[in-house]
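Structural overview
Here's the letter readout for the chains.
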Amino acid sequence: MMTPTLRLGVTGLARAGKTVFITALVRNLVSGGRLPFFFPEAEGRIDRAYLEPQPDDAVPRFDYEGHLETLGQDPAGWPESTRRLSQLRVTIEYRSASPLRRAFGVSRLNLDIIDYPGEWLLDLPLMSESYATWSAGAIEEARNGRRHADAGAWLEFLSSVDPYGPKDEQAALNGARLFADYLKTSRNADHVLHTSGPGRFLMPGDLEGSPLLTFCPLPLEPKRSIPRNSLAAMMARRFESYKTHVVRPFFRDHFSRLDRQIVLVDVLGPLNEGPKAVADLQRALDAVLAVFRVGGASWLTALLGGRRIGKLLFAATKADHINSSSHDRLEAILRLITLRAMERASAAGATVGVEALAALRATREGQARAGDERLPCIIGVPMPGERIGRKVFDGREEAAVFPGDLPENPAVALAPDAGPVGLNFVRFRPPRLLPPGPDGDEHALPHIRLDRALEFLLGDWLA
Ligand code: GDP
């Protein structure tokens, strides 16, 4: 009998935790980690899980071994983040929970994990936009958006070129570079997206330096026709090529083939910056998650085909930065942030869940004494250069940090007039992955609630 395949998409904006999540998930599966809420494992029904050669030759492999190596260094380092699409196949041999199916012996499932930048989902709306409408929107955003200060050099460039003048490769190169710089600077300022893309300008993947990215919006006059061989005609043609050769293949060949999807979100960072950053995160997620909408226009149906994502999980990552008493609160805040997308996805027939997790737990909980009071704190090794008060850490010394609490009512955290939640946010070193024991047994990696995410995403398949 053919082994069935389940395609799990893992996405999220830059630094949301995709690489860490996939590495930890695979490691816990293949090494039989402690996963009490992932029932197939807890009930001892998983015989073994192992890596298999991946099925698609044209897709880069997720660098699982490289990431483990980084975690195995002394001192351990965090693996390199996702920059492009990659894939990994894990085969799971298990016994079904149903006695009838168990009578047929061991069952097998190929789990294909597809890692891709969430920024690429921003490109979906481009498919239904013309170059002129896209230009008008992007220029409006650059002039009046929250990060308009970053757009200065590019806007200056726009005022120096004539879109209706003859095409000019040098001008196209300059314009594209300044436009991409502006998008990246505003994103890097606070790790929140302030833009509607294009996705590859933020995360080019293998297209770094490609002519497919040599275009940018130009100020066009609404009723004026664009002469052939003009700069505007050249830019418009490249915009269309981007849609044809970049956006369409991604959605057709990868996104539309996913069965399940987990969207990782770094909620704690923006929460700590204050309500404006949270509002930006919410807007960015809304744009990214617009892809999970019902029915819609015929071009969308044609692009995505008949298949649907059956289960969608939103996960707030890095929960080891707060006390366990705040994990449910973090979950409630993410639920509120993604409310619209959740409603859209469940209307489209998907089962939707929310989880707060730490795929790789870098801290443990303890208590610190402050005068007569005992405060719950988290203990870990801050990364080199991290500061607590005036102390700068060297990357080897442990520290106990009182992380602060999240508000009990999630609406309070999202209110426009709320202050920052005031978490003490320290980047910790990951736990070191030890080499296999004398009997060849591989060590699992510590986590928080990774097992619940696994149960949501895979549990029913393995039942
Ligand atoms: P990606 O861009 O989505 O692939 O993000 P990564 O997986 O590379 O994660 C970015 C950074 O977030 C890492 O380098 C870590 O510093 C931090 N991080 C991710 N997951 C965890 C986690 O579970 N716990 C902690 N403490 N930090 C995490």
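Refer to the preceding data block for the structure.
Conventions we followed
- Residues numbered from 1 in each chain as written.
- Predicted model: local features only at pLDDT ≥ 70, side-chain atom pairs only at ≥ 80, totals over all residues.
- Heavy atoms only, no water.
- Phe/Tyr/Trp six-rings, centres within 6.5 Å; stacked < 30°, edge-to-face > 60°.
- Helix = DSSP H or I, 4+ residues; strand = E, 2+ residues; numbered from the N terminus.
- Buried < 20%, exposed > 50% of the residue type's maximum accessible area, 1.4 Å probe, protein only.
- Pairing = 2+ DSSP bridges.
- Axes fitted to C-alpha atoms, helices over the stretch in contact; angles between N-to-C directions.
- Near = heavy atom within 4 Å.
- Polar contact = N/O pair within 3.5 Å; in protein donor to acceptor, adjacent residues only side chain to side chain.
- Areas by Shrake-Rupley, 256 points an atom, 1.4 Å probe, with all protein chains shown as cover.
- 1 Å grid on protein atoms, 1.4 Å probe; cavity = no way out; pocket = protein on both sides within 12 Å on 5 of 7 lines; lining within 4 Å.
- Sits in = over half its atoms within 2 Å of the grid points.
- Nonpolar A, V, L, I, M, F, W, Y, C, P; charged D, E, K, R; others polar.

Considering all chains together, one arrives at 17 aromatic pairs under this definition. Pairing tryptophan 120 with phenylalanine 250 gives two aromatic rings, centres 5.5 Å apart and planes at 90°, and the pair type is edge-to-face. Of the two residues, tryptophan 120 sits in the loop between strand E4 (107-115) and helix H5 (131-144) while phenylalanine 250 sits in helix H9 (residues 231-253), which places them 130 residues apart along the sequence. In terms of burial, tryptophan 120 and phenylalanine 250 fall into one category: buried.

Glancing now at the sheet that holds strand E8 (residues 364-370). The strand order E8-E9-E12 describes an open sheet built from three strands, whose pairing is antiparallel. Looking at the sheet topology across the chains shown, the edges are occupied by E8 and strand E12 (399-401). The mean inter-strand angle of the sheet, taken between neighbouring strand axes irrespective of direction, is 45°. Where strand E9 (residues 373-380) meets E12, three bridges bridge the pair, whose relative direction is antiparallel. Looking across to E12, one finds that isoleucine 378 is bridged to valine 401.

This part covers the site of the ligand. The ligand sits among 19 residues. The nearest are Arg15, Lys18, Thr19, Ser81 and Asp320. Interatomic distance of 2.8 Å between a backbone N/O atom of lysine 18 and an oxygen atom of the ligand. Valine 20 is positioned with one of its backbone polar atoms (N or O) 2.9 Å from an oxygen atom of the ligand. Contact with the protein chains covers 97% of the free accessible surface of the ligand, which is 570 Å². A molecule is said to occupy a pocket when more than half its atoms come within 2 Å of that pocket's grid points, and by this definition the ligand occupies the largest pocket. Its residues assigned to classes, the shell around the ligand comprises nine nonpolar, five polar and five charged.

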